[in-house]
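So you can see what is in the structure, the chains are spelled out below.
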Amino acid sequence: MAKGRRNGLYSGISEELSALMRTGWADTERHDLQLGEQAPYAAGRRAALSARFPGERLVIPSGNLKVRSNDDGYAFRPYTGYVHMTGDRARDGALVLEPRADGGHDAYCFQLPRDSRDNDEFWTGPTAELWMGRRRSLAESELVLGLPCRDVRTAADGLAAGSGAPTRIVRGIDPSLEDAVTTEEDRDAELEEALSDLRLVKDDWEITELRKAVDSTVRGFTDVIGELSRAVASSERWIEGTFFRRARLEGNAVGYGSICAAGEHATIMHWTDNDGPVRPGDLLLLDAGVETHTLYTADVTRTLPINGTFTPLQRKVYDAVYEAQEAGMAAVKPGAAYRDFHEASQRYLADRLVEWGFIEGPAERAYELGLQRRFTMAGTGHMLGLDVHDCAQARNEEYVDGVLEPGMVLTVEPGLYFQPDDLTVPEEWRGIGVRIEDDLVVTEDGHENLSAGLPRSADEVEAWMARFAG
């Protein structure tokens, strides 16, 4: 991780202190742990991965700590594919699938064991247990994960010795494990691709976790409404902190950097500085999601009139985005092309932009040329799950060129953004940005809007704010 400090207050450890630190500790091994509720689902995911790569050894690392600055590290977040295949969130680990003669695989995990109390490792150094907290023992991890667990400190040698089978590893996660195996970059990319493909359809347990994430997010948005007056008195930072409090209280953290964009900042797709003023009369675009303790995230956006009431022009833009989202959501159903919801929303917005005189018609031509993108900027949604933009390495034919299936979870998020320096629109339109985003799960007969607990229409938003705004 980070380099040690040169200017520590202690120059060394006396033999007497070392001996003192090694004695008098209780046995804290936990024998009451049970198989984690995700473990059976993870086993099924590993079986699906195994079927794709018979006769090959697969290595999926969890990742290492990363330095934020000097000797201060970022909060650890494991590689998504590792979490999906194990349900584990520990650092410095790896899942290994060893091929069997019958074409299947035997799975085991490399894990970082507990620090020994027989030497000074448990209390010296920035990653020692007395500094960072207790880890599970290998035996405890075996109980929770339902997998054999080995000491990761033997991983490099063990992988290097190998079994003679061709190996694939997910690259860019753990350099020390990459150095221990001989692989081909293209073949490794196919492993990461497969891990993304296998997350496209969520199982029942995953959908339950996404419900939790969305429900907490709904409460976080309501918290923000209740503290808008404090944001007006301070800045967008108050909004960010208010939502973050809910995310930390009920989940692991936020699933991505919250976008708390007031006024003309709402025209910036990924505004995360969140340091601008919050002024009555402007709009607030809040794009935020709670990440559960199991690392599944929501991704919801609402655009709110800061003083509780849309101006006629703000409502005109908002209604256009709302109607575009309605058109997109109506296209989310099993058997539909993935692109259908995007095209339905974008075609609607192209119609409005031609009607308003901002792009040259006819609308069909404008859409085919992509002219609406000057004001809509991005696509209309994406897959959602362990990553906010989940399944990002999946094959195009399975994702953007694929067909919707029950269990897929995606966002529908059309928007209109009129930049403050855009001279092609009237001055009163400049600086208005509106996005509405909801999280949908594809069902057997259509879809369910997981974030339906948040108002969407302009009238509903105003009524909601009148009820809760502080």
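Scoring rules and cut-offs
Residues numbered from 1 in each chain as written. Predicted model: local features only at pLDDT ≥ 70, side-chain atom pairs only at ≥ 80, totals over all residues. Heavy atoms only, no water. UniProt positions renumbered as here; feature names shortened; annotations may be inferred. Helix = DSSP H or I, 4+ residues; strand = E, 2+ residues; numbered from the N terminus. Rg over C-alpha atoms; globule rule 2.2 N^0.38 Å. Buried < 20%, exposed > 50% of the residue type's maximum accessible area, 1.4 Å probe, protein only. Phe/Tyr/Trp six-rings, centres within 6.5 Å; stacked < 30°, edge-to-face > 60°. Arc of directions from axis to C-beta. Contact = heavy atoms within 4.5 Å. Axes fitted to C-alpha atoms, helices over the stretch in contact; angles between N-to-C directions. Parallel < 35°, antiparallel > 145°, perpendicular 65-115°, else oblique. Left-handed = near helix turned anticlockwise from the far one by under 90°. Pairing = 2+ DSSP bridges. 1 Å grid on protein atoms, 1.4 Å probe; cavity = no way out; pocket = protein on both sides within 12 Å on 5 of 7 lines; lining within 4 Å. Points joined across faces, edges and corners; volume = space filled by probe spheres on them. Nonpolar A, V, L, I, M, F, W, Y, C, P; charged D, E, K, R; others polar.

The name given to the chain in an unreviewed UniProt entry is Xaa-Pro aminopeptidase, with Streptomyces laculatispora as the source organism. Comment text from UniProt for the chain, heading Catalytic activity (unreviewed entry), reads "Release of any N-terminal amino acid, including proline, that is linked to proline, even from a dipeptide or tripeptide." For the chain, the Cofactor (unreviewed entry) comment in UniProt is given as "Mn(2+)".

### Re the overall build of the chain
Each helix and strand counted, the chain has 16 helices and 17 strands in total. Over its C-alpha atoms the chain spans a radius of gyration of 25 Å, differing by no more than 12% from the 23 Å that the globule rule assigns to 470 residues. Reported as C-alpha extents along the three principal axes, the dimensions of the chain are approximately 75 × 55 × 40 Å. Taking all 470 residues of the chain together, 51% fall into the buried category.

### What to know about the packing of aromatic side chains
The full count for this structure, using the stated rule, is 14 aromatic pairs. An angle of 45 degrees between the planes, with centres 4.8 Å apart, marks the rings of F310 and Y318 as tilted. Of the two residues, F310 and Y318, both sit in the buried class. An aromatic cluster is present here, built from W356, F358, F375, F418 and W429 joined pairwise through their rings.

### Focus on the UniProt feature "domain: Aminopeptidase P N-terminal" (unreviewed entry) in the chain
Taken from the UniProt record, the annotation "domain: Aminopeptidase P N-terminal" (unreviewed entry) applies to residues 36–178. Helix makes up 31% of residues 36–178 and strand 20%, with an end-to-end C-alpha separation of 29 Å.

### Quick look at helix α16 (residues 458–468)
Among the residues of α16, those classed as buried are A458, V461, E462, W464 and M465. Each buried residue of α16 lies within a common arc of 160 degrees when the element is viewed along its axis, so the set occupies one face. The outward face of α16, more than 90 degrees from its buried face, is lined by the exposed residues D459, A466 and R467. Packed against the buried residues of α16 are α9 (204–226), α10 (228–233), β12 (300–305) and α12 (312–330).

### Overview of the packing of α12 against helix α13 (residues 339–356)
As a packed pair, α12 and α13 sit with axes 7 Å apart at the nearest point and diverge in direction by 150 degrees. With respect to each other, α12 and α13 are oriented roughly antiparallel. Crossing hand, α12 versus α13: right-handed. Here K316, V317, A320, V321, E323, A324, Q325, A327 and G328 of α12 lie close against α13, whose contacting residues are F341, A344, S345, Y348, L349, R352 and W356.

### Topic: the sheet that holds strand β17 (residues 446–449)
Sheet strands pair by backbone hydrogen bonding; their relative direction is either parallel or antiparallel. In space, the three strands of this open sheet follow the order β13-β16-β17, with antiparallel pairing throughout. In the strand order of this sheet, the two ends are held by β13 (409–412) and β17, each with one partner. Across the sheet, the mean angle from the axis of one strand to that of its neighbour is 40 degrees, orientation sign disregarded. Here β13 pairs with strand β16 (residues 438–443) via four bridges, running antiparallel.

### Details of the layout of surface pockets
A volume near 660 Å³ is recorded for the second largest pocket. Around the second largest pocket sit 25 residues that line it, and D88, R89, A90, R91 and R136 are the ones nearest its centre. Broken down by element, the lining of the second largest pocket gets its largest block of residues, three residues, from helix α5 (residues 138–145). Along the lines of polarity and charge, the residues of the lining of the second largest pocket split into nine nonpolar, nine polar and seven charged.

### Notes on the pairing of strand β9 (residues 259–262)
Burial along β9 is two-sided: I259 and A261 and C260 and A262, pointing in opposite directions, are all buried. With four bridges connecting them, β9 and strand β10 (residues 283–288) associate as antiparallel partners. Within β10, the residue paired with I259 across the bridge is D287.

### A few points about the environment of A337
Of note, A337 is situated in the loop between α12 and α13. On the basis of relative accessibility, which here comes to 31%, the residue A337 falls in the partly exposed class. Spatially, the C-alpha atoms of A337 and E405 are 9.6 Å apart, while their sequence positions differ by 68 residues. With residues near it in sequence (within four places) discarded, A337 still touches G402, V403 and L404.

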